[in-house]
Amino acid sequence: MARDNIWRREMRLILLLIASGFVMGALFGRPVWGVCAALIFILARWSYQLRAVHRWMAEPSAEPPETGGVWGLILDNIYQLQRRNREAQQRLETALDYLQDSLAAMRDAALIVDAQENIAWANDSAEFLLGIKFPDDQGRPLVNLIRSPIFQSYFEVGDFSNPLRLLPISEGDRCLHFEIARFGAGDRLIFARDVTENYRLEQMRRDFVGNVSHELRTPLTVIKGYVDTLQAMDEFQNARLQRPLEQMSQQTSRMENLIRDLLWLSRIETVETLRKTELLDVSILIEEIVVQLGSAYPDREIRISLENDVQVRGDRSELHSALSNLIVNALKYSDSEVVVTCCRHEDRAVFSVSDTGIGIAQQHIARLTERFYRVDKSRSNERGGTGLGLAIVKHVAASHQADFQIESELGIGSCFRLSLPAAPVSDAS
Ligand code: ADP
């Protein structure tokens, strides 16, 4: 309302000046001259005000000049707009300082890398964990400062959906866990955490399980040998002794299987990060497994549908164990036909095993790959299970960058699917 008033007052003033000019001019017999003089005065006044506006705009931090009228109103509007912008900028700067202060106080290393892959900012921990000094290293390429080839290829490929774990190469090195997020116009925020302690604990647990399993193997072989000998001896050929001997033999076989799977799991975990680069034809591997299982399950039918030349890079014995574990499970937990397929789908080699057996209730599915998790312990024991088969599959999948999916419905059947990165056709040729 006040602004409208100013406009109206300005218009009234202009009309009044023109009218006064006209009257004054008429008194001297020259009304047009009078109007022209009034217009010149109006123009001069506007020019003066415009000059004040121009001067203020050249140095807008000062208070705006008191020009009054319409120009005063325009100046006032610009000034308000400017003040609001300044306040918003200040709020933003405070938030940024707050964020930088909190990142600077972190024990994890935090880095900001710009779109050209140069360091824009780093906190104090970055110097301690990565040897990157800020501001000394500002503007330097990140890959010149973190020289690990594994980190460099992770950073260059640019798929940060999974974090990177950089294992120590020599004694005294740290184990670092990297997480990278993109923001802004191609900038990246990098967090690096020291997980050496966790790594050592994991290593101790792995070594412990591996050593215990290894140590148990020899006495068990001796016991099994004696049990087999006793079972064959004439003095023990009566029903009262044969039954306990049979049970001893069954339990020692079960323990042997357990130790075999534990040792195998520990081996897979130990070489998890080593490169598994043998070029393998999945269809040929499956055919081999099916032939081997044919003699163990002579009365069962395994239907296979395999595409030729589906190649992957990996470790033959690990993939053999994962694929055969899945097929053996399908044979163990169903009585009907088992279907095994392998095909190439875009850049993945997809292997699946389906059965129409007992199926698995939904609440168990997420836990099946845990060690020793069994839906029905007695049924698993009865069928020679150790509870480690799917844990082995999960580890093999992880070390081959494969996805492992389980679909199952109780009483209907199950489908276990492994999707591995397929080797490019040029590799195969
Ligand atoms: P196990 O040696 O007991 O078979 P696994 O780790 O191979 O151990 O499997 C874990 C559990 O998952 C099994 O005990 C079983 O209950 C369930 N399971 C695995 N495969 C199948 C299947 N094809 N159909 C039904 N249940 C299955």
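The rules behind the values
Residues numbered from 1 in each chain as written. Predicted model: local features only at pLDDT ≥ 70, side-chain atom pairs only at ≥ 80, totals over all residues. Heavy atoms only, no water. Domains from an automatic or database assignment. Salt bridge = Lys/Arg side-chain N within 4 Å of Asp/Glu carboxyl O. Helix = DSSP H or I, 4+ residues; strand = E, 2+ residues; numbered from the N terminus. Buried < 20%, exposed > 50% of the residue type's maximum accessible area, 1.4 Å probe, protein only. Pairing = 2+ DSSP bridges. Axes fitted to C-alpha atoms, helices over the stretch in contact; angles between N-to-C directions. Parallel < 35°, antiparallel > 145°, perpendicular 65-115°, else oblique. Left-handed = near helix turned anticlockwise from the far one by under 90°. Contact = heavy atoms within 4.5 Å. 1 Å grid on protein atoms, 1.4 Å probe; cavity = no way out; pocket = protein on both sides within 12 Å on 5 of 7 lines; lining within 4 Å. Points joined across faces, edges and corners; volume = space filled by probe spheres on them. Near = heavy atom within 4 Å. Polar contact = N/O pair within 3.5 Å; in protein donor to acceptor, adjacent residues only side chain to side chain. Areas by Shrake-Rupley, 256 points an atom, 1.4 Å probe, with all protein chains shown as cover. Sits in = over half its atoms within 2 Å of the grid points.

**Overview of the domain arrangement of the chain**
Size of an interface, as often reported, equals the accessible area lost when the parts are brought together.
Piece 1. Segmenting the chain into domains produces domain 1 (2-97), domain 2 (106-194), domain 3 (200-270) and domain 4 (274-429).
Piece 2. The distance between the C-alpha centroids of domain 1 and domain 3 comes to 99 Å.

**Some remarks on the pattern of salt bridges**
Pairing between side chains becomes possible if they bear opposite charge and their charged atoms approach one another.
Piece 1. Counted under the stated rule, the structure contains 19 salt bridges.
Piece 2. Across the pair Glu269 and Arg205 runs a salt bridge whose closest N-O atoms are separated by 3.5 Å. Taken together, the residues Glu269 in helix 8 (residues 239-270) and Arg205 in helix 7 (residues 196-232) connect sequence positions 64 residues apart.
Piece 3. Taking the relative accessible area as the measure of exposure, Arg205 reaches 36% and is therefore partly exposed.
Piece 4. Between Arg303 and Glu337 there is a salt bridge; the shortest N-O distance is 3.2 Å. Here Arg303 is found in strand 7 (residues 302-306), whereas its partner Glu337 is found in the loop between helix 10 (316-332) and strand 9 (338-345), with 34 residues between them in sequence.

**Some remarks on the sheet that holds strand 11 (residues 403-409)**
Piece 1. Judged by pairing direction, the sheet is mixed, and its five strands sit side by side in the order 7-9-10-12-11 without closing on themselves. Every other strand in the sheet has two partners, leaving strand 7 and strand 11 as the edge strands with one partner each. Averaged over all neighbouring strand pairs, the angle between strand axes comes to 10°, with direction disregarded.
Piece 2. Pairing geometry for strand 7 and strand 9, over five bridges, is parallel.

**Concerning the packing of helix 9 (residues 282-296) against helix 10**
Piece 1. For the pair helix 9 and helix 10, the least separation of the axes is 10 Å and the interaxial angle reads 50°. Judged by the inter-axis angle, helix 9 sits oblique to helix 10. For helix 9 against helix 10, the interelement crossing comes out right-handed. Counting all contacts with helix 9, which are made through Val282, Leu285, Ile286, Glu288, Ile289, Gln292 and Leu293, the residues of helix 10 involved are Arg316, Leu319, His320, Leu323, Ser324, Ile327, Val328 and Leu331.

**Overview of empty space enclosed by the protein**
By rolling a water-sized probe across the atoms, one finds the places where empty space is left.
Piece 1. Counted according to the given criterion, the structure contains one cavity of 30 Å³ or more.
Piece 2. As a volume, the largest cavity reaches approximately 40 Å³.
Piece 3. If you trace the largest cavity, you find it lined by Leu280, Val282, Leu285, Val312, Leu319, Leu323 and Leu420.
Piece 4. For the lining of the largest cavity, the elements supplying multiple residues, two or more each, are helix 9 and helix 10.

**Some thoughts on the environment of Ile365**
Piece 1. Relative to the helices and strands, Ile365 resides in helix 11 (residues 362-365).
Piece 2. Ile365 gets classed as buried once you look at its relative accessible area, which sits at 15%.
Piece 3. Considering only alpha carbons, one finds Ile365 and Ser408, 43 residues apart in sequence, at a separation of 7.8 Å.
Piece 4. Aside from chain neighbours lying at most four places away, what touches Ile365 is Ile360, Ile406 and Ser408.

**Focus: the site of the ligand**
Piece 1. The local shell around the ligand holds 20 residues, among which Asn329, Tyr333, Ser380, Thr386 and Leu390 are the closest.
Piece 2. Leu390 places a main-chain nitrogen or oxygen 2.8 Å from an oxygen atom of the ligand.
Piece 3. If the ligand stood free it would expose 530 Å²; the protein chains cover 98% of that surface.
Piece 4. For the ligand, the cavity whose grid points lie within 2 Å of the majority of its atoms is the second largest pocket.
Piece 5. At the level of elements, helix 10, helix 13 (389-399) and strand 12 (413-421) are the ones that each hand at least two residues to the shell around the ligand.
Piece 6. Sorting elements by how many residues they give to the shell around the ligand places helix 10 first, with three residues.

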